[in-house]
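# Structure assessment
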Amino acid sequence: MKYVLLFYLFLLTGASLCAQQKEFIFKNFTQDDGLPSNETYYSFEDSKHFLWFATDNGVVRYNGNRIEVFETPDKTVFQIREDSKGRVWFFTYKAQFAYYEKGKMQPYQFNNILKKRLLNLHVKDVYIDSSDNIYLSSTIDSNFVIDNNGNITATAHYKNDNATVHFEIDVLKNNTCFTKFLHRSFSGSEPDITLVKNNRKINYHIPLLVLNNSQYGSISPDGKTVYFFYGDMIVKLMDDGTFVFRKMPFTVSCLKYHKGFLYAGLINEGLYVLDEKKFPAETSRHFKGRSISSVLFDYEDGLWLTSTDKGIFYVKNQLLRHIITDKENQSDISFACNFNDSTLLYANHDGFFTLTKSRNELFIKEKNSTVINIIRYKKNMLVCSGGFSGFYTKVAYNLPLGIKRCMFHNNPILYTHIYNDYIVGPTTLYVAKYKSAPLAYDTYNKTYDSGISPLKILLPNTAKTFMGKEGIIWAGVHNGLYKSVPPYDTLLLENNSPLLNKGINFIAPLQGSILAISTQAGTIVLMDKDIIGTIEEKDGLLSNKIRFLLPLKNQLWVATQLGISVIEFSSYTPLKYTIRNIDKKDGLFNVIINHLLEHNGDVIAATSNGLYYIENPGILLKQVERPIPFSISNINYYKGDVSDVSSITLPYSKNRAIIKYRAVCFNSFESVQYRYRFTSGDTVWHNTTSNELVLENLEPGNYGLEVKAVIPSQQRTSEVQTLSILVEKPWWQSNWFRLFAAILVTSVIYFLVSGRIKKVKAEEKRKTDLNAKLSELEQTALRSQMNPHFIFNCLTSIQQLIISGNKVDANEYLVKFSRLIRKTLDMSARPFISIAEETKYLEEYLFLEQLRLSGRFDFSITSDPSINTNTTFIPNMMIQPVVENC
């Protein structure tokens, strides 16, 4: 509490409770729940719907499940804001600021400059523009502007002319207001207000004295009307320059507008709720004696209040309230009924009580008994029955004395009904006629004469009886449903379906002749003449432990041990309905609903923890469940922890990632589940309750991960969050390696094939050369065979010329012969010769033959003109042997 005097001036004692008060159902968060301190100053919801709370020992963030504590450079935090970049800022008493960004708390970069210039700074209001300029409103010394370069501009408050207190209110975008404290007098005076809207100024002079150093601020519901608070005043500033004010019991510390109501937190006076349409009239008051420092409504319409001594209060649903009385022991109420518009009757294990706004009193003491029914009979009598021996009647007017106790042979009257003086009650199904004769006391049995005619036993078995329209008695027993009509002479079996043979707990009439019957098996059976349908837990009921049925118009309210299920029928044939459950998400914490009662259009529930009041049930049932805020908060992989990323890349050797995600849900976080799937391959949604997902041993490839949060029982879901994951291929599956391997394999194959081709070609060439050699040898051999004959003939001819003495011819013959032999030897070394060479060779050969044969033949050699005889080659000695043979 070391800084509380800086935040408030002083505290007052609270007022005492009246007999009946409809108080909010709340949960109280304190240091025992993880808060660093019970001294809390401010509450704030960021754009991701996390709640932040400022204390004198740091700040906390809450998502409905986990309280995270963050330290700031100065632990005493007074204000919290979020800028256009999504950074959450914290403004402290000693002007050492910080902001939260991407999962980390960062100190303000100009804190050293602020530390030299500003010693203490009691921040009342803050505004951060889109250029990161910070505007601070403070009652200590000055207002300040800190630009984005750390330059500080101050506007002093005090003036020497003893001027009045002056405020300036700027109406900004989104109907937010920034209130500046301009100057003040030393002794206190009437405040002046300048309202700045759309570059237009409106001046107001408020004729009330206020104290210095008070809290102040302003809000605007619609950008037109502005509500301003200062000291113990709340002022409504109209756009036309007029105003209306309300003086509160003590100093106002905060003001919040929500859905047509103003919520004013007061120092030690709790919370005042004011109807905007009825302002300045008060609507209701709550948390008396508490010092409320801020008011916040979360995205689910939950109400959060910070206090300077008791931590944080959370109200899940304002339409659900707990009736607080001045009696200490008001728990486990079994039954309640209307006496009139202002008086309730209820019963618990101590007896029967009346409850009004001014008193709460016990009028029948009946220890350790369970009341089942209370009936107002003929406007002047109450008939009360339950798990005790007999039943009570009492004169109803003003409920003074005149108690009459009536007994049925010492049998407990579990459920009593009255119709035209007929009193009906089990355990065995009795019917009696009430008499108005005076009572006579029976000293032996210690009871009064009941004033009841002789009993008529309709059913000897234990039965659950219920009275319908026109006094029709419905009796449920182990073998079915029975029916009896006045004067109750007969009891007929109406239906013995196996569904009803399991035992009947309660019967309620619905539309027309349709009955709703709850069985001991936990099933609601809808029956006309025949059974038209059943409703049970698997269809959406909170529990199969059903304790009471209350029909309201086209609805059936079902009291269970876990809360209330409201079945709204749109059709009976065929059966169509919707179910809206009212349970712990609405504020019914760990209570069993014993009985339900309609009261002036609202619903009262008698529970194991007292009376609960459901205001405007139609509005409650139409409340739309909001989508669940959900985000991926952190990813841990081989590069470390990261946040606010949409894709990651994992090497094959380090393909393990931990994805952490977080839902924000305040009214039923324990019901939140998470679902995930991949967009390809395994596309089935998988359920988990863990807020982290471990992925490992993923095969190489691209993965699209989808994650969402759901509350199946409420059919609530979140937006799907996606994360792209690329698992890189191992080096042996990489493209460059595949290219290298392909080139290597291709090269090896190429060289192998090329070598084989060369080898085959070499082998073929060897064979070809061998064949050529063989051919050449054959030709050579052929020539060797032919040439000796020719040579012998030529030599013989030369010899004859010499012998005959023809030396000239012999000499010429010999010269030509030697030339032909030279050419023959020359051409024999060449496999191919041109046609021209062959022709010339043949001419010389034939010329010698012509000389030898002495002109016995003539010859001529011709070739096709189209053949180029010089470039066309043929095997040597190809034609000569043919010519020679000729």
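For the structure, see preceding data.
A short tour of the structure in this document, coming up. Bear in mind that the values here come from a model prediction, so they are computed numbers and not experimental data.

Attention shifts here to the sheet that holds strand β63 (residues 657-663). As summarised here, the arrangement of the four strands in space is β61-β60-β63-β66, forming an open sheet in which the pairing is antiparallel. Of all strands in the sheet, those bounded by a partner on one side alone are β61 (640-642) and β66 (692-695). Pairs of neighbouring strands in the sheet enclose a mean axial angle of 20°, with direction left out of account. Bridge analysis of strand β60 (residues 630-637) against β63 gives six bridges, and the strand direction is antiparallel. Its bridge partner lying in β63, I632 is registered against Y661.

Now for the sheet that holds strand β20 (residues 226-230). Strand pairing in a sheet relies on backbone hydrogen bonds. The paired strands run either parallel or antiparallel. Reading across the sheet, the four strands line up as β19-β20-β21-β22 and stay open at both edges, with antiparallel pairing between neighbours. The outermost strands of the open sheet, each flanked by one partner alone, are β19 (216-219) and β22 (243-247). Geometrically, the sheet is characterised by an average inter-axis angle of 15° between neighbouring strands, direction not taken into account. Examined bridge by bridge, strand β21 (residues 233-237) and β22 share five bridges and lie antiparallel to one another. If you follow K236 over to β22, its bridge partner there is V244.

Per the stated rule, a full pass over the model turns up 31 salt bridges. A salt bridge links K247 to D232, with the shortest nitrogen-to-oxygen separation between them at 2.4 Å. Here K247, found in strand β22, pairs with D232, found in the loop between β20 and β21; they are 15 residues apart in sequence, far enough to count as distant. R716 is paired through a salt bridge with E300; the nearest N and O atoms lie 3.0 Å apart. Of this pair, R716 sits in strand β68 (residues 716-717) while E300 sits in the loop between β27 (292-297) and β28 (303-307), and the two are 416 residues apart along the sequence. The exposure classification of R716 matches that of E300, with both residues buried. Ionic contacts of the salt-bridge type, sharing partners, join the residues R61, R66, E68 and R662 into one network.

So, how was this worked out
- Residues numbered from 1 in each chain as written.
- Predicted model: local features only at pLDDT ≥ 70, side-chain atom pairs only at ≥ 80, totals over all residues.
- Heavy atoms only, no water.
- Pairing = 2+ DSSP bridges.
- Helix = DSSP H or I, 4+ residues; strand = E, 2+ residues; numbered from the N terminus.
- Axes fitted to C-alpha atoms, helices over the stretch in contact; angles between N-to-C directions.
- Salt bridge = Lys/Arg side-chain N within 4 Å of Asp/Glu carboxyl O.
- Buried < 20%, exposed > 50% of the residue type's maximum accessible area, 1.4 Å probe, protein only.

Bear in mind that shape data such as this cannot, by itself, settle questions of function.
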